[in-house]
Amino acid sequence: MTAVLTRRPGLARLRTTRSPLHLLCLGFVGLVTAAALLAPWIVPYDPNEIDLGNALAGPSAAHPLGIDAAGRDTLSRLLLGARTSLLGPLGVVLFSTLAGIAIGMAAAWRGGWLDSVLSRSTELVFAFPGMLLAILIISIHGEGLLAPVIALSLAYLPYVSRLTRSLVLAERARPYVSAYQVQGHSALQICLRHILPNIAPVVLAQSTINFGYALMDLAGLSFLGLGVPALTPDWGRMVFDGQTAIQHGYPLSAVLPCVFIVLTVVAFNVVGERWADRVARRDR
């Protein structure tokens, strides 16, 4: 007997809604991503090129978004800042999602003492604020993108691992898992080939939401001067640098990155929540 009772792969069940808000946010995510990928080829000026004679100049034909207090083109820094601002959250999401899936699957499948150890470990991480952990690691490692990405990855990992654990426990109770076990499939084969595709949409939705929060946290660290180096284009760093411009009545170089941070976080959260709602309705 070779027939196996299985479920339709979860990724095949995932379809985005046609909600105008969802489509608008999805389009904005695509636009920001395209800007980040193409920024080195479309920026009009070197982001660190200084023209102190025109510092704090307003929008013009040569500089559509004006010049910041250090004499740098705001549009160029905004476009290249998208690359840094999205790269950090991407690293956080990739590491926390992959590690969280591995930990959650191991805890749910093996159970017993391993489940207890892994669950208690993630609870300890929950008790330690992510931003405080990031500041601690940055104080040891120094400025740069790597330290805050590692810190926030550890802070976000428990959200993915606990979600994965609960999903795998629910999937393991289904008949198709027992059928594969009877046929001699290993635990690794069952988890990766059959359970993972079924839980992927929900984990993907959570990771999308985590991306938005990671972007906000990393921007906050850069605003505090604890993120990327001073000359690196970054939205959070632009807000920090723009404080001087605000004091002189030229808020554009600080307001624009704030707007993009807020819109990007909201867009990613809406996309993630809509996907999660869609999957939840289909599973009922």
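In this report, the structure presented in the accompanying data block is examined. (Residues numbered from 1 in each chain as written. Predicted model: local features only at pLDDT ≥ 70, side-chain atom pairs only at ≥ 80, totals over all residues. Heavy atoms only, no water.)

**So, the overall build of the protein**
Move 1: Helix and strand counts for the protein come out as 11 helices and zero strands.
Move 2: Along the protein, from the amino end to the carboxyl end, the secondary structure elements read α-α-α-α-α-α-α-α-α-α-α.
Move 3: Among the 284 residues that make up the protein, the fraction classed as buried is 44%.
Move 4: Restricting to contacts in the protein with at least 6 residues of sequence separation, those with at least 24 account for 74%. (Helix = DSSP H or I, 4+ residues; strand = E, 2+ residues; numbered from the N terminus. Buried < 20%, exposed > 50% of the residue type's maximum accessible area, 1.4 Å probe, protein only. Contact = heavy atoms within 4.5 Å.)

**Side note on the environment of Glu 123**
Move 1: Structurally, Glu 123 is set in helix H4 (residues 112-126).
Move 2: Classification of Glu 123 by relative accessible area gives partly exposed; the value is 36%.
Move 3: Residues Glu 123 and Ser 153, spaced 30 residues apart in sequence, show a C-alpha to C-alpha distance of 15 Å.

**Looking at the packing of aromatic side chains**
Move 1: Taken as a whole, this structure holds six aromatic pairs when the rule is applied.
Move 2: Ring plane angle 45 degrees and centroid distance 5.7 Å describe the contact between Trp 235 and Phe 260, whose orientation is recorded as tilted. You can see Trp 235 sitting in helix H9 (residues 235-241) and its partner Phe 260 sitting in helix H11 (residues 252-283), a full 25 residues away along the chain.
Move 3: Residue Trp 235 is classed as buried on the basis of its relative accessible area, which comes to 2%.
Move 4: By the ring-pair criterion, three or more aromatic residues cluster together here, those being Phe 28, Trp 235 and Phe 260. (Phe/Tyr/Trp six-rings, centres within 6.5 Å; stacked < 30°, edge-to-face > 60°.)

**Structural notes on helix H6 (residues 146-172)**
Move 1: With 27 residues, H6 should reach 39 Å at 1.5 Å per residue; the first-to-last C-alpha distance of 37 Å fits that figure.
Move 2: Roughly 30 degrees is the biggest bend found in H6, and it falls at Tyr 156, with proline Pro 158 one to four residues downstream. (Expected span 1.5 Å × (residues − 1). Bend = angle between axes of the 7 residues up to and from the residue.)

**Remarks on unusual backbone geometry**
Move 1: The phi dihedral of Leu 56 is positive, around 65 degrees, even though this residue is not glycine.
Move 2: Within the fold, Leu 56 resides in the loop between helix H2 (20-42) and helix H3 (74-110).
Move 3: Its relative accessible area of 16% is what places Leu 56 among the buried residues.

**Here we look at the pattern of salt bridges**
Move 1: Inspection of the entire model under this criterion finds five salt bridges.
Move 2: Here Glu 171 makes a salt bridge to Arg 174, at a shortest N to O gap of 3.5 Å.
Move 3: Judged by relative accessible area, which is 35%, Arg 174 ranks as partly exposed.
Move 4: For the salt bridge of Asp 241 with Arg 237, the shortest nitrogen-to-oxygen distance reads 3.8 Å. Placement of the pair is Asp 241 and Arg 237 together in helix H9, with a separation of four residues, close to one helical turn.
Move 5: Residue classification places Arg 237 among the buried residues on the basis of a relative accessible area of 9%. (Salt bridge = Lys/Arg side-chain N within 4 Å of Asp/Glu carboxyl O.)

**Quick look at the nonpolar core**
The nonpolar side chains of soluble globular proteins are, as a tendency, buried together.
Move 1: If you look at the biggest cluster of nonpolar residues, it comprises 23 residues, and the most contacted ones within it are Leu 86, Phe 211, Leu 215, Trp 235 and Ile 261.
Move 2: Among the elements that make up this core, the one with the highest residue count is H11 (eight residues).
Move 3: Discounting residues that sit within four places of it in the chain, Leu 215 has contacts with Ser 85, Leu 86, Pro 89, Ile 261, Thr 264 and Val 265.
Move 4: Ala 108, Trp 109, Tyr 180 and Val 203 belong to the second largest nonpolar core, which has 15 residues in total. (Core = buried A, V, L, I, M, F, W, Y, C linked by side-chain atoms within 4.5 Å.)

**Notes on a nonpolar patch on the surface**
Move 1: On the surface, a nonpolar cluster with roughly 480 Å² of combined accessible area is contributed by Leu 37, Leu 38, Trp 41 and Ile 42.
Move 2: Within the element layout of this structure, Ile 42 appears in helix H2. (Patch = residues over 30% accessible without salt bridge, like charges linked within 9 Å, V, L, I, M, F, W, Y side chains within 5 Å. Areas by Shrake-Rupley, 256 points an atom, 1.4 Å probe, with all protein chains shown as cover.)

**Remarks on the side chain of Glu 171**
Move 1: Note that Glu 171 resides in helix H6.
Move 2: Of the polar contacts made by the side chain of Glu 171, one reaches the side chain of Tyr 176; its length is 2.6 Å. (Polar contact = N/O pair within 3.5 Å; in protein donor to acceptor, adjacent residues only side chain to side chain.)

**As for helix H8 (residues 187-223)**
Move 1: Under the 1.5 Å per step criterion, the end-to-end length of H8 is only 46 Å for 37 residues, more than 12% shorter than the ideal 54 Å.
Move 2: The largest bend in H8 amounts to roughly 55 degrees and is located at Leu 196, with the proline Pro 197 lying one to four residues further along.

**Remarks on the packing of H3 against H8**
Move 1: Running from N to C, H3 and H8 point in directions that differ by 145 degrees, and their axes come no closer than 8 Å. Between H3 and H8 lies a crossing whose hand is right-handed.
Move 2: For the contact of H3 with H8, a count of residues per class yields 19 nonpolar, five polar and no charged. (Axes fitted to C-alpha atoms, helices over the stretch in contact; angles between N-to-C directions. Left-handed = near helix turned anticlockwise from the far one by under 90°. Nonpolar A, V, L, I, M, F, W, Y, C, P; charged D, E, K, R; others polar.)

The quantities given are spatial measurements derived from coordinates; they are silent on function.
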